[in-house]
Amino acid sequence: MLIDDYVAELDDALAGPHGPKRDLVVEARDSLLDTAEALEAEGLGRAEAERLAVTEFGAVAEIAPGYQAELTAHSGRRLGLLLFVSVPITVAMWSVLWRLYPATDEAWTMGPAWWPVVSRLLDVVQLGVGVYGGLVTFALSRGSRWIRRPRLATRSLGVLVWTALPVTFGLSLVLSYGTGAASPNTLTALPALLANLVTLAMWGLQIYGATRCVRITRASVRTA
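Quick caveat: nothing in here was measured; it's all calculated off a predicted structure.

Asks: What exactly am I supposed to notice about a nonpolar patch on the surface here?
Replies: A cluster of nonpolar side chains, namely Leu 81, Phe 84, Val 85 and Ile 89, defines an oily patch on the protein surface of about 350 Å² accessible area. Position of Ile 89 relative to the elements: it lies in helix 4 (residues 60-100).

In structure tokens, the structure reads:
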């Protein structure tokens, strides 16, 4: 097999973010070209030098699992960092808005008795997701030497997002139900619209990252 054919096969065998995947494939190609050029300088023909370089590099079936593990960990770190940053931002944003609207302490006594409990539960769920995202990010970076299965850590993030977001959405709907005339909320249209747009954007990014993580961890099983 010539170098171009080998690189194409390796590229097809890997799944992951475009940039990191391209960097790994280019790195493999450069290494193969360097080896082939060294062999060619020793007197071998170009085609023979490429075939020998490919043979020494290893079969795709042997090389792909290591590359795929790196791509899987990279995807997990991306999603973990996104959760660690975006979830606290969302929680802080809504907390500030709830404190600003209404501006009086008396208005909070007008809300239903269950409203503070649901609000606190929503904060706990969201912050728990953010903290877990930070822990997985650390585990897949500086703690990678202790993580023998980065695929499981990455997959757990994807599953967590797909589990936590419906719960978060449901609790948010319950809170919205309690924002009637007798509730503590007097949030005006513009702040609410902006906050909802930011929240939906964050959720969209999280869903995209979670879907990619689940898909990549499936690819990791196929290349193992």
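Asks: Is there a simple way to think about the packing of helix 1 (residues 3-13) against helix 2 (residues 18-41) in this case?
Replies: Packed helices, taken two at a time, are described by the angle their axes make and the gap between the axes. Axis separation between helix 1 and helix 2 bottoms out at 10 Å; the angle between their running directions is 155°. Relative to helix 2, helix 1 is oriented roughly antiparallel. Considering the relative orientation of helix 1 and helix 2, their crossing is right-handed. Residues Ile 3, Asp 4, Tyr 6, Val 7, Leu 10 and Asp 11 of helix 1 lie in contact with helix 2, whose contacting residues are Lys 21, Val 25, Ala 28, Arg 29, Leu 32, Leu 33 and Ala 36. When its residues are assigned to classes, the contact of helix 1 with helix 2 shows nine nonpolar, no polar and four charged.

Asks: Whenever I open this one, the packing of aromatic side chains confuses me. Can you help?
Replies: For the coordinates displayed, the defined rule picks out two aromatic pairs. Consider the rings of Phe 169 and Trp 203, whose centres lie 6.3 Å apart with planes at 75°: the pair is edge-to-face. Residue Phe 169 is located in helix 6 (residues 150-177), and its partner Trp 203 is located in helix 7 (residues 189-223); the two are separated by 34 residues in the primary sequence. Using a relative accessible area of 45% as the deciding quantity, one classes Phe 169 as partly exposed.

Asks: Looking at this model, I keep getting lost on the nonpolar core. Mind explaining?
Replies: Generally speaking, soluble globular proteins have nonpolar side chains that are buried together. The biggest cluster of nonpolar side chains holds 20 residues, and the ones touching the most others in it are Ile 3, Tyr 6, Leu 10, Leu 14, Leu 32 and Tyr 67. Those elements that provide at least two residues to this core are helix 1, helix 2, helix 3 (46-57) and helix 4. When residues of this core are assigned to their parent elements, the largest contribution, seven residues, is made by helix 2. Residues Val 129, Leu 140, Ala 153 and Val 161 belong to the second largest nonpolar core, which totals 16 residues.

About the thresholds
- Residues numbered from 1 in each chain as written.
- Predicted model: local features only at pLDDT ≥ 70, side-chain atom pairs only at ≥ 80, totals over all residues.
- Heavy atoms only, no water.
- Patch = residues over 30% accessible without salt bridge, like charges linked within 9 Å, V, L, I, M, F, W, Y side chains within 5 Å.
- Areas by Shrake-Rupley, 256 points an atom, 1.4 Å probe, with all protein chains shown as cover.
- Salt bridge = Lys/Arg side-chain N within 4 Å of Asp/Glu carboxyl O.
- Helix = DSSP H or I, 4+ residues; strand = E, 2+ residues; numbered from the N terminus.
- Axes fitted to C-alpha atoms, helices over the stretch in contact; angles between N-to-C directions.
- Parallel < 35°, antiparallel > 145°, perpendicular 65-115°, else oblique.
- Left-handed = near helix turned anticlockwise from the far one by under 90°.
- Contact = heavy atoms within 4.5 Å.
- Nonpolar A, V, L, I, M, F, W, Y, C, P; charged D, E, K, R; others polar.
- Phe/Tyr/Trp six-rings, centres within 6.5 Å; stacked < 30°, edge-to-face > 60°.
- Buried < 20%, exposed > 50% of the residue type's maximum accessible area, 1.4 Å probe, protein only.
- Core = buried A, V, L, I, M, F, W, Y, C linked by side-chain atoms within 4.5 Å.

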